[in-house]
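# Observations on the three-dimensional arrangement
These are the residues of each chain, in order.
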Amino acid sequence: MSKKKILVTGGLGYIGSHTVVELMEAGYEVHIVDDLSNAEENVLDRIEQIVGSRPMFTELDLKNEQAVEALIAEGSFDAVVHFAASKSVGESAENPLLYYHNNLLGMVSLIAGMKKHGVSNIVFSSSCTVYGQPDVLPVTEQTPIKPAESPYGNTKKVGEDILRDSARAYEGIQAIALRYFNPIGAHSSSLIGERPKGVPNNLMPYLMQVATGEREVLSVFGDDYDTPDGTAVRDYIHVVDLAKAHVIAVERQLNGTQKESYEFFNLGSGSGYSVLEIIQSFEKVNGVKVNYKIADRRAGDIEKIYADNSYAKSELGWEAQLSLDDMMSSAWQWQQKLEQN
Ligand code: WQD
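Throughout this description, residue numbers start from 1 for each chain and increase along the sequence as written. The predicted nature of this model means local features are confined to residues of pLDDT at least 70 and side-chain atom pairs, given and counted, to a pLDDT of 80 or more, with totals for whole chains, interfaces and linings taken over all residues. Based on all heavy atoms of the structure, the side-chain values leave hydrogens and waters out of the count.

Operational definition: UniProt positions are given in the numbering used here, feature names are shortened, and annotations may be inferred rather than shown by experiment.
Taking an unreviewed UniProt entry as the reference, the chain is identified by name as UDP-glucose 4-epimerase belonging to Reichenbachiella ulvae. The chain has a UniProt comment under Sequence similarities (unreviewed entry) that states "Belongs to the NAD(P)-dependent epimerase/dehydratase family." The Cofactor (unreviewed entry) comment attached to the chain in UniProt states, word for word, "NAD(+)".

Shown next as structure tokens:
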């Protein structure tokens, strides 16, 4: 039997590349499109080293509607996993149109191409950012959506709306949105991982650049939150666990077990950790000190959030397998390998 073919947009990025590996290891044929705006082409070599075969690759900006349509017309894809998007919260506040342009136009041209050429299935990279600061924790899928704190967050919310409306209106289109909590860690091979360009915005890459000595000190944004140690709490999830959830979501679509034309799931570990707990865990697991100082709260940050993952467990049969220790050690191994290159 020929392999099922999956189009992965943004497949050279952090979460995308890990998902490509899991899809290929599960027996799918993968075709990546990526505009290389925040990824390196040599990730293809890394994926090939891990999996033993090379995914197809087309350098393409999804906003180029004609090129997207041509690709889908020829691809005979069974499903699309859509990661390609800009993801810096701060940059989105400075340049909202860039974010609406990149994240929403790309998606519209993708769905239009799917509709035209009879591709039924799409899995979308959404975010727990759609919940804002929830009134009740943990967050279930019934927790109300809040107005987004940033244009980036809003593109995830509107992205979900576009999918839901399309799945409702167009016979044959079904969509699953996966709401990620905070993905960290790297593949056990240390061949792929997160590689931010410029000064990192997110906690783990910044922390690790302090641990290597590349940056002097990690600012802990706020220690006066209503949390056990005063620092903000998040639900950190190993990127490989997250990647595996995408394979399950694609399988759900392909084997016809998706129940509604549009579904959405929280993907978190179900546990909350504070910034100080992350620093302590990193130091303990890796035997490295992290120089940090307490700084002011970061604008737009929420106090605490973590997932109720029982719906993903019961419906998808998915739950996080890898521990916080695994996240800390794999991230550090990847970072050290990066330093050597
Ligand atoms: C985690 C915690 C910070 C950096 C953002 C997006 C979200 C998602 C992931 C992405 C917070 C604290 C951070 C630092 C710190 N989307 N921190 N010092 O803010 O939960 O989520 O990224 O693509 O939509 O909003 O993640 O890693 O930035 O922060 O103290 O130098 O670490 O305040 O409490 P966040 P993060």
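On we go.
### Side note on the overall build of the chain
Stated precisely, the cut-off is as follows: For helices the rule is a DSSP run of H or I covering at least 4 residues; for strands it is a run of E covering at least 2, with both sets numbered from the N terminus onward. Atoms considered for the radius of gyration are the C-alpha atoms alone. The globule rule reads 2.2 Å times the number of residues to the power 0.38. A 1.4 Å probe rolled over the protein chains alone gives each residue an accessible area, and that area as a share of the maximum for its type sets the label: buried under 20%, exposed over 50%, partly exposed in between. Contacts are assigned to residue pairs that have any heavy atoms within 4.5 Å of one another. Think of it this way: Lys and Arg go in the positive column, Asp and Glu in the negative one, and His and the chain ends go nowhere. Every charge is mapped to an atom, namely NZ of Lys, CZ of Arg, CG of Asp or CD of Glu.
Looking only at helices and strands, one finds eleven helices and 13 strands in the chain. Since a compact globule built from 341 residues should have a radius of gyration of about 20 Å, the 19 Å found for the chain is in line with a globular shape. Along the longest, intermediate and shortest principal axes, the C-alpha atoms of the chain span 55 × 45 × 40 Å. Considering the chain as a whole, with its 341 residues, one finds that 52% of them fall into the buried category. Nonlocal contacts in the chain, meaning residues at least 24 apart in sequence, comprise 81% of its contacts between residues at least 6 apart. Averaging the positions of the 30 positive and the 47 negative side-chain charges in the chain gives two centres separated by 2 Å.

### Quick word on the sheet that holds strand β6 (residues 174-180)
Adjacent strands of a sheet pair through backbone hydrogen bonds, lying either parallel or antiparallel. For clarity, the cut-off: Strands were regarded as paired on the criterion that DSSP finds at least two bridges between them. Note on geometry: axes are C-alpha line fits, over the in-contact stretch for helices, and angles between N-to-C directions span 0 to 180 degrees.
Read from one edge to the other, the open sheet built from seven strands follows the order β3-β2-β1-β4-β5-β6-β11, with strand pairing classed as parallel. In this open sheet, the two edge strands, each paired with only one partner strand, are β3 (56-59) and β11 (262-267). For this sheet the average axis-to-axis angle between neighbouring strands, irrespective of direction, equals 20°. Note that β6 and β11 share six bridges and pair parallel. Bridge pairing in β11 places Arg179 opposite Asn266.

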